[in-house]
2 protein chains.
Amino acid sequence: MQRKRVTSKDVAEKVGVSRTTVSLVLNDVRGIQISSETRQKVVEAAKELGYVPDATAQALASRRTKAIGLVLTRSQHHIATDAFLPKIISGLLTTAKKQNVRILVDWVETEHRESAYFELAHTKRIDGMILSTPRLDDRALKALERVDVPTVLMGNVADLNLPFVDVDNVKAAEKATSYLVELGHRNIACISSAPLEYTATPERVGGYRNALVRAGIPVNEGLIRYADFDPESGYRCMKSLLQGGERFTAVFVASDNVAIGAKFALREANLHIPDDVSLVGFDDIPWAQYSDPPLTTIKLPAESLAQSACTLLLDLIHDDIGNLHQRIILDTELIVRKSCRPV
Amino acid sequence: MQRKRVTSKDVAEKVGVSRTTVSLVLNDVRGIQISSETRQKVVEAAKELGYVPDATAQALASRRTKAIGLVLTRSQHHIATDAFLPKIISGLLTTAKKQNVRILVDWVETEHRESAYFELAHTKRIDGMILSTPRLDDRALKALERVDVPTVLMGNVADLNLPFVDVDNVKAAEKATSYLVELGHRNIACISSAPLEYTATPERVGGYRNALVRAGIPVNEGLIRYADFDPESGYRCMKSLLQGGERFTAVFVASDNVAIGAKFALREANLHIPDDVSLVGFDDIPWAQYSDPPLTTIKLPAESLAQSACTLLLDLIHDDIGNLHQRIILDTELIVRKSCRPV
DNA sequence: GCGCGTTACTAACGCGTTTTAGCAAAAGGA
DNA sequence: TCCTTTTGCTAAAACGCGTTAGTAACGCGC
């Protein structure tokens, strides 16, 4: 079955034209004159022979790989339990497909980040890259500013001059917390989605603080815990909160995935939602609406986020220069379900 | 910052040798004689100049892209809600990284599958591919047998002569169902993970049937429902079961993700787990152990599955001929938690 | 019948590697 | 001394495409 590869040369010979003509026709190059008769013959011959251009040769010649990288920087364990990744990939896939671009998932290990970004850029396997959940302390990121590969971040890093796509985490967290305040809660705890190095964390916890301050409620640091993405960390945080001695009637958990564990800890302590404790989540993962009771949460438009990131990146790649530091902020929405009640 | 690309020519000139020598040294080609003095000089010069080989040129010349494809065939919605994908990706990433191979996620739309597989193969962007959750009616799969790109399936298709990696779904489902039988249940319902076209479905439902038959319990077709991967379909199936009039005291749900929805339907009907209904799941997604009550389920080694698939594929790529029809079956384990009780 | 513009192509180079074939010098053996 | 190996390297040919510069043929106006 190892029938020989069909190259553009074969097509050219079959029609009796040059390879150049074949290339011009098939790539639909504008501003070039080829009789529609020849065009048709080329197209037909190509189809007949089953000609599929060799992607690597194309890439070498055109200096475009038609592939973009999704770069993950977290640990293997965190990737495996990331309730979010499927949506990102789905979003990326849909807009990439439309533009006839492929997606390369790459994983940069925590240890040698600096050189990894550098290599990623110089290897030229991809035309651009999307970095998900950047960290504040990622010094390697700074290097990216000077690297010539278009990059967009999913999630903002304040003092970095790169284009990014994000939601307004501060506002979203405020919304969630204010909702609890409006229900009359005054002792509201907070469990973050991740450690402080991840940019979304200070933003969301900040929003929580803002909401309290605005309502004239003093912020009690003893009611704040920092989780680490997965349910297990949520479980630990909630237990710590419960054992901490500080009283609370509501909790804002800045990640639904974390909330899964947090909820379990409440249950274990024989506390009921929403009767004993009100709970607001963040993300609106599929589980949220089938949770018992259905979880009130902030809906984070993950797929749109990915799609925007992808579109922005592709613009960047084609413009070469254009919107060098564009920022896209998407809206979030509070989905009220049944995990909260008035005090 | 557009400093010129460093090519192997630059390295060669700096050391005063030919490009060939540079290539031989840097690729550590065996059976070739180069003085260790020259070797060292080349390595140093490469590092000094920051030489990173151009992946596309490498691919064109060596006819190896050092990339494998993960091909998804389901709908966008199903990809977005796939609680499984992160583990697959994590598993793939770890073994791929070790072998210095990249992962390309590709999505073949349902409509034009046949040509899509063909193109994927001839494009030569990838050295091989992994197909996840194949479907029985995928006629395009047959074409894959004759295509010259190494392929491994995650999930078996009985009459297909391709290497695959899978768990013994029949046995696993038997294990789960038998567990319920042993607890004294006789009216056991079953909700599948997916429609019948997906190969795991008939296998798992088959295992459920086997267990009943072996215990001398007649199979009641009215107690079987077919879900569609996501929680929502699980919710629908359970509701349908509840409204179906047939009595049951236990349910085997062949997917934890589906169980999320099924559980919600039970709750809505004011039925308690395990007091009113015992529940066994399948997959052991992170949620399972933090569910209330913690879900007894079959642990499907997703990451190992992905790793095996990746290893097998890479073997196939390198051997060219070797284990052409290898099959790897991984073990599953029943994780007993608290969602079941004796009648 | 000459100049000029347009139409419809092609020759040839470039992309940055890997790979094949081979060669000069040094070493070893008789 | 002459012949054969071995050692250490190189020149040149792929690899399969994109692209630039250029040209042949033709029509048209004068």
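Data block above holds the structure.
In this text, all values refer to a predicted model and were calculated from it rather than measured experimentally.

1. A few points about the sheet that holds strand S3 (residues 128-132) of chain B
Next up, step 1: The strand order across the open sheet formed by twelve strands is S11(A)-S5(A)-S4(A)-S3(A)-S1(A)-S2(A)-S2(B)-S1(B)-S3(B)-S4(B)-S5(B)-S11(B), and the pairing between neighbours is mixed. At either margin of the open sheet sits one strand with a lone partner, and together these are strand S11 (327-330) of chain A together with strand S11 (327-330) of chain B. Each strand axis lies, on average, 20 degrees off the axis of its neighbour in the sheet, ignoring direction.
Next up, step 2: Alignment of strand S4 (residues 151-154) of chain A against strand S5 (residues 164-167) of chain A, held across two bridges, turns out to be parallel. For Met154(A), the partnering residue across the bridge sits in S5(A) and is Val165(A).

2. Things to note about the environment of Ile328(A)
Next up, step 1: Note that Ile328(A) resides in strand S11.
Next up, step 2: In contact with Ile328(A), other than residues within four places in its own chain, are Phe164(A), Val165(A), Asp166(A), Ser308(A) and Leu312(A).

3. Things to note about the relation of the copies chain A and chain B
Next up, step 1: Of the transformation superimposing chain A on chain B, the axial component is 0.0 Å and the angular component is 180 degrees, with the fit at an RMSD of 0.1 Å. Look at the turn and shift together and you get a two-fold axis relating the two. When C-alpha distances to the rotation axis are compared across chain A, the minimum falls at Leu104(A), with a value of 2.2 Å.
Next up, step 2: Here 100% of the interface residues in chain A have copies in chain B that are interface residues too; the copies meet face to matching face.

4. Here we look at helix H1 (residues 8-15) of chain A
Residues and elements named next belong to chain A.
Next up, step 1: Of all the positions in H1, only Ser8, Val11, Ala12 and Val15 are classed as buried. In a view along the axis of H1, the buried residues occupy a sector of 100 degrees, so they form one face of it.
Next up, step 2: Close packing links the buried residues of H1 with helix H2 (19-26) and helix H3 (36-49).

5. Section: the pattern of salt bridges
Next up, step 1: In the structure shown here, the tally under the stated rule is 22 salt bridges over all chains.
Next up, step 2: A salt bridge links Arg214(A) to Glu174(A), with the shortest nitrogen-to-oxygen separation between them at 2.4 Å. Placement of Arg214(A) in helix H10 (residues 200-214) and of Glu174(A) in helix H9 (residues 169-182) is noted, with a sequence separation of 40 residues between them.
Next up, step 3: Arg236(B) is paired through a salt bridge with Glu232(B); the nearest N and O atoms lie 2.7 Å apart. With Arg236(B) and Glu232(B) both in helix H11 (residues 231-243) and four residues apart, the pair spans about one turn of that helix.
Next up, step 4: Judged by relative accessible area, Glu232(B) falls into the partly exposed class, the value being 33%.

Quick notes on the rules
Residues numbered from 1 in each chain as written. Chains lettered and ligands numbered in written order. Predicted model: local features only at pLDDT ≥ 70, side-chain atom pairs only at ≥ 80, totals over all residues. Heavy atoms only, no water. Pairing = 2+ DSSP bridges. Helix = DSSP H or I, 4+ residues; strand = E, 2+ residues; numbered from the N terminus. Axes fitted to C-alpha atoms, helices over the stretch in contact; angles between N-to-C directions. Contact = heavy atoms within 4.5 Å. Least-squares fit on C-alpha atoms with pLDDT ≥ 70 in both. Buried < 20%, exposed > 50% of the residue type's maximum accessible area, 1.4 Å probe, protein only. Arc of directions from axis to C-beta. Salt bridge = Lys/Arg side-chain N within 4 Å of Asp/Glu carboxyl O.

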